[in-house]
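# Breakdown of the fold
Residues per chain, in single letters:
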Amino acid sequence: MESDLESKAREAFIDDHFELAEQLYSQAIALNPTRAELFADRAQANLKLNNFTEAVADANRAIEMDPSLAKAYLRKGSACFNLEEYQTAKAALETGASLAPGDARFTNLLKECDQWIAKETVDIPKHSSETTPTNVPAESFQPVDDLSNQVTPTVAKPKYRHEFYQKPEEVVVTILAKGIPAENVSVDFGEQILSVSIDVPGEDAYHFQHRLFGKIIPSNCRHDVLSTKVEVRLAKAEPIHWTTLEFSNASTVPQRVNASVIGSQRPAYPSSKPKKDWDKIEADVKKEEKDEKLDGDAALNKFFQNIYADADEDTKRAMKKSFVESNGTVLSTNWKEVGSKKVEGSPPDGMEMRKWEY
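Residues numbered from 1 in each chain as written. Predicted model: local features only at pLDDT ≥ 70, side-chain atom pairs only at ≥ 80, totals over all residues. Heavy atoms only, no water.

The name an unreviewed UniProt entry assigns to the protein chain is Protein SGT1 homolog, from the organism Carya illinoinensis. Under the UniProt heading Sequence similarities (unreviewed entry), the note attached to the protein chain is "Belongs to the SGT1 family." (UniProt positions renumbered as here; feature names shortened; annotations may be inferred.)

Our focus in this paragraph is the packing of helix H1 (residues 4–14) against helix H3 (residues 36–48). To characterise two packed helices, one gives the angle between the axes of the helices and the distance between these axes. At a minimum axis separation of 11 Å, H1 and H3 run at an interaxial angle of 25°. Classified by the interaxial angle, the pair formed by H1 and H3 is roughly parallel. Of the two possible hands of crossing, H1 and H3 adopt the one that is left-handed. Here Glu6, Arg10 and Phe13 of H1 lie close against H3, whose contacting residues are Glu37, Leu38, Asp41, Gln44, Ala45 and Lys48. Here the contact of H1 with H3 is composed, by residue class, of three nonpolar, one polar and five charged. (Axes fitted to C-alpha atoms, helices over the stretch in contact; angles between N-to-C directions. Helix = DSSP H or I, 4+ residues; strand = E, 2+ residues; numbered from the N terminus. Parallel < 35°, antiparallel > 145°, perpendicular 65-115°, else oblique. Left-handed = near helix turned anticlockwise from the far one by under 90°. Contact = heavy atoms within 4.5 Å. Nonpolar A, V, L, I, M, F, W, Y, C, P; charged D, E, K, R; others polar.)

Our focus in this paragraph is the environment of Val185. Secondary-structure assignment places Val185 in strand S3 (residues 185–189). When the C-alpha positions of Val185 and Val230 are compared, they lie 8.5 Å apart, and in sequence the two are 45 residues distant. Val185 has contacts with Ile180, Ser197, Ile198, Val225 and Val230, leaving out every residue within four places of it along the chain.

Below, the structure is given as structure tokens:
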């Protein structure tokens, strides 16, 4: 039978008092924590408040308690759609549609999911934050007076502490819960959502539900229940560095990680020195060398260097042969003249040729 709190929560929702409705549903859940309908309805209130991650958590709880509750799948599909987790949304909506074949809301949302999945496939930018999925219309109830004098539930401190570390290809989340039987641990992976529930009989249930910093590959994710902790391994969809575990609009742009060069790169430090254009410097040096005016032997050597640089093969051979055989006293460019005979030395006037004795 529907409680008075539940009735007031529904009426608050109809009157667009979504925050109050969420608070009233929370109070009703505290009194009856095994009623799937309450979690599904609170998920709808969270949807209206744009608390999409919380809406997914509530929908998952409702589905765990009653897998045949069609509207729980609709809530989950709507929330995941707003979180841009189109594949997860589609899976939930398909299950819900099979439970409620005549409900057009499933059909319409499935069409939108398929459109965005197709756009993602061809790498078209995703929809803006103004795009919202179709929400479930609330049922009609008579108004109830004095809905505002209700106690706001307090948020309890998490029962278990959690931490995380990462590698280029995965993120490892550790929930420090000791001695928990594996059958009391439930883990659900979405495209960008991690949901962990620990429900030990006789103890308060623990729920870890977060929208993650980046997208993951659900089929490659896994978890292990150990004697001192619950370890969850999330396979990254992209090798980027997560600055936090949870998604935030204020998060900085993630940097892609190159696993092959980690540790091998030297740190780069900012410098106030302007960068030098070495190509321009080299061109300027060559120009200066070309335009430089030389005197005496330097000018003569430069002259012969230019002749040799622009000469054909026969001319180069003639210059080499005549210079070597004449002990540097003759430099000929005529291969026909020097190619068939030895070139004799021709010392300057007043000087004579001598052979060195070794």
